[in-house]
Amino acid sequence: MSNEVVFQIKLGKRPILLLIAAIVGLIVGVIVGEPVKNIAILGEIYIALLKFIVGPLVFLSIAWAVMSMGDLVKLGKIFMGFLPYWVFMGLASVGTAFAIGSMLKPGAGVQLPGGQQVTPVSLTFADYLRNIIPSNFVEMFLNLKMLQIIFTAILVGIAVGLIGRSTPPVKDFLSKLFESLLAVVYKLLDFILWYGPIGVFALMANVAAVVGVIAVGAFAKLVLAFYLSGLIMLFIVQPLIMVLVARLNPLKFWKKYFPAMITAFSTASSNATLPVTINTAIEAGVSKEVATVILPVAATINMQGACATITLFTLFAFQALGIPLGFGEVLTLVVLGFLGATAAAGVPGGAAIVAVATAAALGIPVEAAGWMVGVHPAVDPFETMLNVIGDPLGATIVSKYVTKDFDEEKWKK
């Protein structure tokens, strides 16, 4: 089998078109306001098309990468190499958000409805296993259960790799088959991305219309707290990792991953952005093995933006209800803010849903947490961009220091 794959997308000037569409959409959304929702369907179509392609893309790319990997021990090294980065950056995001929220106190003095106290709940180890282990091959694609798709893809890849030890022709055939199917999926994605500027225009116009209504008073202060914590992660914490660990120029890194950043900001979906993230990572020098194995997993669990959202939204509710936070509550909030982000669906609004569940797990009345879904659109685009841009940074570190197959020549272009 050839080492050169046949799937890759040349984005050309499309990132510039996406940026123009996003800016024009924001302007139109602010000027027109509520009536702009009449074109929201154009943005919904774009997200639907990206979600349509992401399930097959994740399954085929991971399975192909695993079965193409001659050494299965190398696969374990890739995942273990990413683990410290994921834990450190997630806790850094939670800690930053908690510090900013504690200083600004956006929820202080806000009157939230009390309602009926809910019984605190917590996810057990068994619950996590149920979310990972699939019971129906088709159902996991229909409901886009990313953890199950990833788990199944890894198993299929390992199975084909083991078959190849006794019957190499079978492995070669299946590897070529999966590579060919990936080529088809990438061509479909190429078609979808040409529709991107239209979808981005509608999405950003709708976001601008919503934010223009809800970003007032205390909620505006909450939004400000989120952006401050996110900017600290984006312009201080991540660049420090780029310079001190990955040995990369932050400005060049942002330029390389601009297509993924603008796609994430406009679609507010890390899963929908995944195809673009993988493509730009490969073009930036990350090996195909690492990009196609790490990035789909990272898009599901490495939610640095969602960590901040969950932490700040829950902290806001505690402040508004006047509930004091002791050491135990702070520790619980930090742990849930970090682990809860792994349950975010990777689609628009995913972190808000998890934030409500996290607040309920800490005993916050449901009636006092429902506002989270309404405020979330104001932070969702930047949150998603923060989620996405953290993924290729981790993949780059793995490619440079674990697999040692980072293409410096591609990076220098």
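Please read all numbers here as calculations on a predicted model, not as lab measurements. (Residues numbered from 1 in each chain as written. Predicted model: local features only at pLDDT ≥ 70, side-chain atom pairs only at ≥ 80, totals over all residues. Heavy atoms only, no water.)

*Asks:* Before we go on, may I ask you to explain the pattern of salt bridges in this structure?
*Replies:* Side-chain pairs of opposite charge can arise where the charged atoms are in close proximity. Evaluation of the coordinates by the stated rule reveals 2 salt bridges. Notably, a salt bridge pairs Lys-187 with Asp-190, separated by 3.6 Å at the nearest N-O pair. Placement of the pair is Lys-187 and Asp-190 together in helix H7 (residues 168–214), with a separation of 3 residues, close to one helical turn. Judged by relative accessible area, which is 44%, Lys-187 ranks as partly exposed. With a shortest N-O distance of 3.9 Å, Glu-408 and Lys-400 are connected by a salt bridge. In this structure Lys-400 comes out as buried when scored by relative accessible area, which is 16%. (Salt bridge = Lys/Arg side-chain N within 4 Å of Asp/Glu carboxyl O. Helix = DSSP H or I, 4+ residues; strand = E, 2+ residues; numbered from the N terminus. Buried < 20%, exposed > 50% of the residue type's maximum accessible area, 1.4 Å probe, protein only.)

*Asks:* What is the right way to read the packing of helix H2 (residues 40–68) against helix H12 (residues 288–301) from this model?
*Replies:* Between H2 and H12, the least distance of the axes is 9 Å, while the angle of their chain directions is 135°. Taken together, H2 and H12 sit at an angle that is classed as oblique. Once H2 is placed against H12, the crossing between them reads as left-handed. Between H2, through Val-58, Ser-61, Ile-62, Ala-65, Val-66 and Ser-68, and H12, the contact on the second element is made entirely by Glu-289, Thr-292, Val-293 and Pro-296. Its residues assigned to classes, the contact of H2 with H12 shows 6 nonpolar, 3 polar and 1 charged. (Axes fitted to C-alpha atoms, helices over the stretch in contact; angles between N-to-C directions. Parallel < 35°, antiparallel > 145°, perpendicular 65-115°, else oblique. Left-handed = near helix turned anticlockwise from the far one by under 90°. Contact = heavy atoms within 4.5 Å. Nonpolar A, V, L, I, M, F, W, Y, C, P; charged D, E, K, R; others polar.)

*Asks:* How should I be thinking about unusual backbone geometry in this particular structure?
*Replies:* If a residue is not glycine, its phi is most likely negative; likewise, a peptide bond is most likely trans. At Lys-105, a residue that is not glycine, the phi angle is positive and equals roughly 45°. If you trace the backbone, Lys-105 turns up in the loop between helix H3 (72–104) and helix H4 (125–132).

*Asks:* Just checking my understanding: could you explain the packing of helix H10 (residues 258–267) against helix H11 (residues 270–283) for this structure?
*Replies:* The packing of two helices is summarised by the inter-axis angle and the distance between the axes. The N-to-C vectors of H10 and H11 enclose an angle of 175°; their axes lie 9 Å apart at closest approach. Comparing their axes, H11 and H10 come out roughly antiparallel. Contacts between H10 and H11 involve Pro-259, Ala-260, Thr-263, Ala-264 and Thr-267 from the former and Ala-272, Thr-273, Val-276, Thr-277 and Thr-280 from the latter. Classifying every residue of the contact of H10 with H11 by side-chain character gives 5 nonpolar, 5 polar and no charged.

*Asks:* Help me understand H10, please; the structure alone is not making it clear to me.
*Replies:* Three or four residues apart is the spacing at which side chains of an α-helix point the same way, because the helix has 3.6 residues per turn. In terms of burial, H10 is a largely internal element, 8 of the 10 residues being buried. Of the positions making up H10, those classed as buried are Pro-259, Ala-260, Met-261, Ile-262, Thr-263, Ala-264, Ser-266 and Thr-267. Just past H10, the residue Ala-268 takes up positive phi, approximately 55°.

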